[in-house]
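Inside the fold
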Amino acid sequence: MKAPRVTLDQWRTLQAVVDHGGFAQAAEALHRSQSSVSYTVGRMQEQLGVPLLRIDGRKAVLTEAGDVLLRRSRHLVKQASQLEDLAHHMEQGWEAEVRLVVDAAYPNARLVRALSAFMPQSRGCRVRLREEVLSGVEEVLLEGVADLAISSYSIGGYLGSELSAVEFVAVAHPEHSLHRSGRQLTFQDLESQLQVVIRDSGRAQPRDVGWLGAEQRWTVGSLGTAATFVSSGLGFAWLPRHLIERELREGVLKPLPLEQGGRRHPLFYLYASKEKTLGPATQILIDLLRNFDTAPLDVPFAAPAQA
């Protein structure tokens, strides 16, 4: 890659000339001599090979090429400033990245709100979000490749902060044979039916969750796929209510009238890695995840304006 001939200081100088209305005003704003500013811009035009400014009376005005290049340079200078700020924050212990692994059953709406609130406070810290199913969350945390984890399991050796529960509902298509009985159902009624279950993404000790007494079982890779299958009339499943609200409203899914076990409410927990000390960005994200975990999902939410 060829090294750039024009420096960031030269772009900043050009911006000052345009923003302050001339060479003299730019020199005053930059605390430099007018001759230094004029030389910097003149040398810049030589290096680029295109005129950037023309003199109109006593005022320096951008040429067409100068206007295009100046707009692009503002983004370049802003990125360079952000990079320098990030380096400064990292020197003070601020993280460059927070790695968050979340069980796929946890409501995305809560994550969106917490991460939206985190952005204006992040100081350039990135978030790497990873979704896993069941024991997959635990494995990622134990492998040391996550800083924070949200799981419905109690993870041995870790003290998790309790979050809210997520409601799982046993559902099937309204035309499914289970809904035609006209009575409350027992687990015996389910035994001859097809149950759709979600594959545990963990490799070491994958787990099955929910009633699994059906003679037929189809295993799929995601909650969304399970919802699609069951909405199409293929079997029944326990699915998170927040994920199937639209299907329930539209009548393509209907809760099964089970005598017991038709609804489950597993608690979720927030865990932090023990492999390293929590930095300030991670702590801010923890606080936001806790705060937005209890916020009602049906209340309108507007992401905060970015700085």
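The following refers to the structure shown. (Residues numbered from 1 in each chain as written. Predicted model: local features only at pLDDT ≥ 70, side-chain atom pairs only at ≥ 80, totals over all residues. Heavy atoms only, no water.)

1. Quick word on the overall build of the protein chain
For the record, the criterion: Secondary structure elements follow DSSP: runs of H or I no shorter than four residues count as helices, runs of E no shorter than two count as strands, and numbering proceeds from the N terminus. Each residue's exposure class comes from its accessible area (1.4 Å probe, protein chains only) as a fraction of the maximum for that residue type: buried when under 20%, exposed when over 50%, partly exposed otherwise. Note on definitions: a residue-residue contact is assigned when non-hydrogen atoms from the two residues lie within 4.5 Å. All accessibility values rest on the Shrake-Rupley procedure with a 1.4 Å probe; residue burial counts only the protein chains present in the view.
Summing up its helical and strand segments, the protein chain has 10 helices and 13 strands in all. The 307 residues of the protein chain split such that 41% are buried. A separation threshold of at least 6 residues defines the contact pool for the protein chain, and within that pool the share at least 24 residues apart is 72%. Surface summary for the protein chain: the accessible area is close to 17100 Å², and the carbon and sulfur share equals 50%.

2. Digging into the side chain of Gln15
Just so we agree on the cut-off: Polar contacts, as used here, are pairs of N or O atoms within 3.5 Å; protein pairs need one atom able to donate a hydrogen and one able to accept it. Residues neighboring in sequence count only if both atoms are side-chain atoms.
Position of Gln15 among the secondary structure elements: in helix 1 (residues 8-20). Separated by 3.2 Å, the side chains of Gln15 and Ser73 make a polar contact. Apart from the residues lying within four places of it in its own chain, the contact partners of Gln15 are Leu70, Ser73, Arg74 and Val77.

3. Re the packing of helix 5 (residues 108-118) against helix 10 (residues 280-293)
We count it as follows: Fitted lines through C-alpha atoms give the axes, limited to the stretch in contact for helices. The angle between two N-to-C directions lies from 0 to 180 degrees. Roughly parallel means an angle under 35 degrees; roughly antiparallel means over 145; roughly perpendicular covers 65 to 115; every other angle is labelled oblique. Here is the rule for handedness: rotate from the far helix to the near one, and if that takes an anticlockwise turn smaller than a right angle the crossing is left-handed, while a clockwise turn gives right-handed. Throughout, the ten residues Ala, Val, Leu, Ile, Met, Phe, Trp, Tyr, Cys and Pro are labelled nonpolar, Asp, Glu, Lys and Arg are labelled charged, and all others, Gly among them, are labelled polar.
At their nearest, the axes of helix 5 and helix 10 sit 9 Å apart, and the two run at 140° to each other. Here helix 10 runs oblique to helix 5, going by the angle between their axes. Considering only the axes of helix 5 and helix 10, their crossing is right-handed. Between helix 5 and helix 10, the residues in contact are Arg110, Leu111, Arg113, Ala114, Leu115, Ala117 and Phe118 and Ala281, Ile284, Leu285, Leu288, Leu289, Phe292 and Asp293, respectively. In terms of residue class, the contact of helix 5 with helix 10 is made up of 11 nonpolar, no polar and three charged.

4. What to know about the packing of aromatic side chains
The geometry of an aromatic ring pair is captured by two quantities: the separation of the ring centres and the angle between the planes. We apply this condition: Put simply, two rings from Phe, Tyr or Trp (the six-membered ring, in Trp's case) pair if the centres are within 6.5 Å, and we call them stacked under 30 degrees between planes, edge-to-face over 60, tilted for the rest. Definition used: whenever NZ (Lys) or CZ (Arg) falls within 6 Å of the ring centre and also within 35 degrees of the ring normal, the charge is taken to sit over that ring.
Inspection of every chain in the model, using the stated rule, returns five aromatic pairs. Considering the side-chain rings of Tyr269 and Tyr271, the 6.3 Å spacing of their centres and the 45° angle between planes classify their relative orientation as tilted. Through pairs of rings, three or more aromatic residues link up here, namely Tyr158, Tyr269 and Tyr271. Lying over the aromatic face of Phe168, Arg264 brings its terminal NZ or CZ to 4.9 Å of the ring centre. For the cation-ring pair, Lys274 lies above Tyr158, with the distance from its terminal atom to the ring centre recorded as 4.5 Å.

5. Details of the pairing of strand 10 (residues 236-240)
On a regular strand, each side chain points to the face opposite its neighbour's, so the side chains alternate between the two faces of the sheet. To be explicit about the condition: When DSSP finds at least two bridges between two strands, those strands are taken to pair.
Of all five residues that make up strand 10, five are buried, and the element is covered over most of its length. Across the two faces of strand 10 the burial is the same, with Phe236, Trp238 and Pro240 and Ala237 and Leu239 all buried. With five bridges connecting them, strand 7 (residues 168-172) and strand 10 associate as antiparallel partners. The residue bridging Val171 from the neighbouring strand is Ala237, located in strand 10.

6. Quick look at the nonpolar core
Where a protein is soluble and globular, its nonpolar side chains tend to be buried together. What counts is decided by this rule: Each nonpolar core is a collection of buried residues, namely Ala, Val, Leu, Ile, Met, Phe, Trp, Tyr and Cys, held together in the definition by side-chain atoms within 4.5 Å. The domain limits used here are those given by an automatic or database domain assignment.
Formed by 42 residues in total, the largest nonpolar core has its most connected members in Leu148, Ile150, Val171, Leu239 and Leu289. When residues of this core are assigned to domains, at least three fall in each of domain 2 (97-162 + 270-293) and domain 3 (168-264). Discounting chain neighbours no more than four positions away, the residues touching Ile150 are Val101, Val102, Asp103, Tyr106, Leu111, Val137, Leu163, Phe268, Tyr269, Leu270 and Leu289. Residues Phe23, Leu52, Leu70 and Val77 belong to the second largest nonpolar core, which totals 17 residues.

7. Things to note about the environment of Pro266
Position of Pro266 relative to the elements: it lies in the loop between strand 12 (263-264) and strand 13 (267-272). Spatially, the C-alpha atom of Pro266 lies 8.8 Å from that of Tyr153, the residues being 113 residues apart in sequence. Residues within four places of Pro266 in sequence aside, it is in contact with Ser152, Ser164, Ala165, Val166 and Phe168.

8. So, the environment of Glu95
Relative to the helices and strands, Glu95 is located in the loop between helix 4 (64-91) and strand 3 (97-103). Judged by relative accessible area, Glu95 falls into the buried class, the value being 10%. Residues Glu95 and Ser122, spaced 27 residues apart in sequence, show a C-alpha to C-alpha distance of 9.2 Å. Setting aside chain neighbours within four positions, we find Glu95 in contact with Cys125, Gly279, Pro280, Ala281 and Thr282. At a separation of 3.3 Å, a polar atom in the side chain of Glu95 contacts the main-chain amide nitrogen of Gly279. Separated by 3.0 Å, the side chain of Glu95 and the backbone nitrogen of Ala281 make a polar contact.

9. Let's talk about helix 8 (residues 223-231)
Here is the rule: In this description, the arc belongs to the directions extending from the helix axis to the C-beta atoms.
Buried within helix 8 we find Leu223, Ala226, Ala227, Val230 and Ser231. The arc enclosing the buried residues of helix 8, seen along the axis, measures out at 125°, which places them on a common side. Looking at the buried residues of helix 8, the elements they touch are strand 7, strand 8 (194-198), strand 9 (216-220), strand 10 and helix 9 (245-250). Of the residues trailing helix 8, Gly233 is marked for its positive phi of about 95°.

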